[in-house]
Amino acid sequence: MAAKKVLALLVLTICQLLPMLGNKLDDGKHERVQQRVEQQSLETTRLLQEHEWSSLDWGALVFAALQQWQRWAIADLFFRLCWWLWKRSRQPDSSDDEESSSSSSTGLEEEGSGEDSNDEGHPLMTRTFAKRIWWSVQSMAYGRQVVEELVGDLLAVFQERLSTSFFPVLQPAIGVGSAFEGWSPCGHDAVYRLLVPLKPPHGHAFRLELGTAGQMLAKNCVRVELECTCTRDQRVEDMPCFLHHPEEALQRNLESTLLSTFCTGFYLDAQKIARWFQNLVISAWGEMPQSRHYSMEVLPSSRSCKLRLTNASGRSLLVEMVFGVQRGDSDIFLSSQAAEDTFTPSTTWAETYAVAEVKFFRRMARQAPRDTLYLNCLQLCASILVSAGFSSYTWKTDVMHLLNTLPLSSWNRWDFMIRLQDIMGYLHGCLEEKRLDHFFFGNENMPEDIILPAAFRAAEPINLFQCLVQDPAAHAKALRELEELQDRLTRLQVFGV
């Protein structure tokens, strides 16, 4: 009970003092702050001395932090105090035995709602966040299973239909994006995104024309070229070479469907690919076993295939299939998907790192000890600590850098709050420097199983905060927004709201 009283006093002290924060204090406000700290400190010290916990002058520590006028110092002090008090409260105390025994059954009932029942003994806020996120994680796991089975069946039907055509050759889909990495900023409303690699049909080749290396908005194109099939090992029975015998092909009513239907000029057209694939899905849906359990709607999309699947109970799954052309044998693709707020020509394909990212998170999942919470931290930041100034990709890049630096064992439940502060602190440092490095360019600590083009390892890191260097107003706004997020995180940790 004493621990709870001390903790309450500490919370009250800091919450009363936070509104007084500013760049400077006049003499009157300075005296009022010090008087309030000293008054609250007397009561706190009395309780501490009664239980012989410590002779530290907590009020002096709080006021020393306040004199620096750094919210980060206050937050760090507060969490250290809470952690110390919580550890002390876990030690056997005869005065608390009766209360502990009377409440133990209630705690087990509350936490036995399906997730790991080994939560007893973990900090309350860690259990609260873990429980809130656990349900969306379970929902996403079920959704991934349904979506992977559906898309696999669809592609199997398409491959059988198109086996003798000159259409793009559809490869097995790769689950990408947050839902397949194990987290989602949308929680239950996750979008299940899959990348469908394209290979050229027989007698054709894809030549990638890449923009300037390292530019996020580089103009990348996929040029389609005819290949000679005259040699015995390349020749298909009763099929003329398009390159050297075009007249024979025309006489037999054969043509390169890839060039005539899916290209603008000699360049692969993302919008034509998307329309073709959407029509394939509509025509094949009736053959799918899933059609007995789900109604399917093709949603408007010019560069991908978006589906809404709805079951009898009204629950929906959102699926998006984008198309990609692989860069060599690497984990980097050119993708049909483009930024929604930017006009992109239909023959321009964006470079995507989504396959490399999902491989990174799968590697972390294989190596991480049981009950590590780095995905919980990421989902909390991306879904609860939302801000117009920080995208989910910013949070993900932040966490990926920390995962590549901190030992995985340190992302445990006991250090959940500390890791959240590390994420916020790392982002704050990046904002101060106006620099957040892209994870895959110039990163010397890249795991070996992630295959990158050679140019990536030698490239200068891309600064995702380059816009802040050129716009001081945007930089100041980002710093203010991060302070607001820090305050929101503090309220979540103290009050749970």
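Scroll up for the structure.
Visitor: Lay out unusual backbone geometry with the relevant residues and their values.
Guide: Notably, Asp371 is not glycine yet its phi reads approximately 70°, a positive angle. Since its relative accessible area comes to 27%, Asp371 is described here as partly exposed.

Visitor: Mind laying out the environment of Met321, listing which residues take part and the relevant values?
Guide: Tracing the backbone through its elements, the reader meets Met321 in strand β10 (residues 316-326). For Met321, a relative accessible area of 1% puts it in the buried group. Separated by 126 residues in the primary sequence, Met321 and Leu195 have C-alpha atoms spaced 5.8 Å apart.

Visitor: If you had to explain the packing of helix α11 (residues 354-367) against helix α13 (residues 392-403) to someone new, which residues and values would you point to?
Guide: α13 packs onto α11 with a crossing angle of 45° between their chain directions and a minimal axis gap of 12 Å. With respect to α13, the element α11 is oriented oblique. Remark: the crossing between α11 and α13 carries left-handed chirality. Listed contacts from α13 to Glu357, Phe360, Phe361 and Met364 of α11 are Tyr393, Lys396, Met400 and Leu403. Looking at the contact of α11 with α13, its residues break down into six nonpolar, no polar and two charged.

Visitor: For the nonpolar core, give the residues involved together with the corresponding values.
Guide: Of all hydrophobic cores here, the largest spans 49 residues; its most connected members are Phe158, Leu268, Phe277 and Phe323. Of all the secondary-structure elements, those providing two or more residues to this core are α6 (124-161), α7 (178-181), β3 (191-199), β5 (221-226), α9 (257-262), α10 (270-284), β9 (305-310) and β10. For this core, the leading source of residues is α6, giving nine residues. Not counting the four nearest positions on each side in its chain, Phe158 is found in contact with Leu170, Phe277, Leu280, Val281 and Ala284.

Visitor: Describe the pattern of salt bridges, with residues and values.
Guide: For the structure on display, the rule yields 16 salt bridges. Glu297 is paired through a salt bridge with Arg308; the nearest N and O atoms lie 2.9 Å apart. Of this pair, Glu297 sits in strand β8 (residues 295-299) while Arg308 is found in strand β9, placing the two residues eleven residues apart along the sequence. The partly exposed category is assigned to Glu297, whose relative accessible area is 40%.

Rules used throughout
- Residues numbered from 1 in each chain as written.
- Predicted model: local features only at pLDDT ≥ 70, side-chain atom pairs only at ≥ 80, totals over all residues.
- Heavy atoms only, no water.
- Buried < 20%, exposed > 50% of the residue type's maximum accessible area, 1.4 Å probe, protein only.
- Helix = DSSP H or I, 4+ residues; strand = E, 2+ residues; numbered from the N terminus.
- Axes fitted to C-alpha atoms, helices over the stretch in contact; angles between N-to-C directions.
- Parallel < 35°, antiparallel > 145°, perpendicular 65-115°, else oblique.
- Left-handed = near helix turned anticlockwise from the far one by under 90°.
- Contact = heavy atoms within 4.5 Å.
- Nonpolar A, V, L, I, M, F, W, Y, C, P; charged D, E, K, R; others polar.
- Core = buried A, V, L, I, M, F, W, Y, C linked by side-chain atoms within 4.5 Å.
- Salt bridge = Lys/Arg side-chain N within 4 Å of Asp/Glu carboxyl O.

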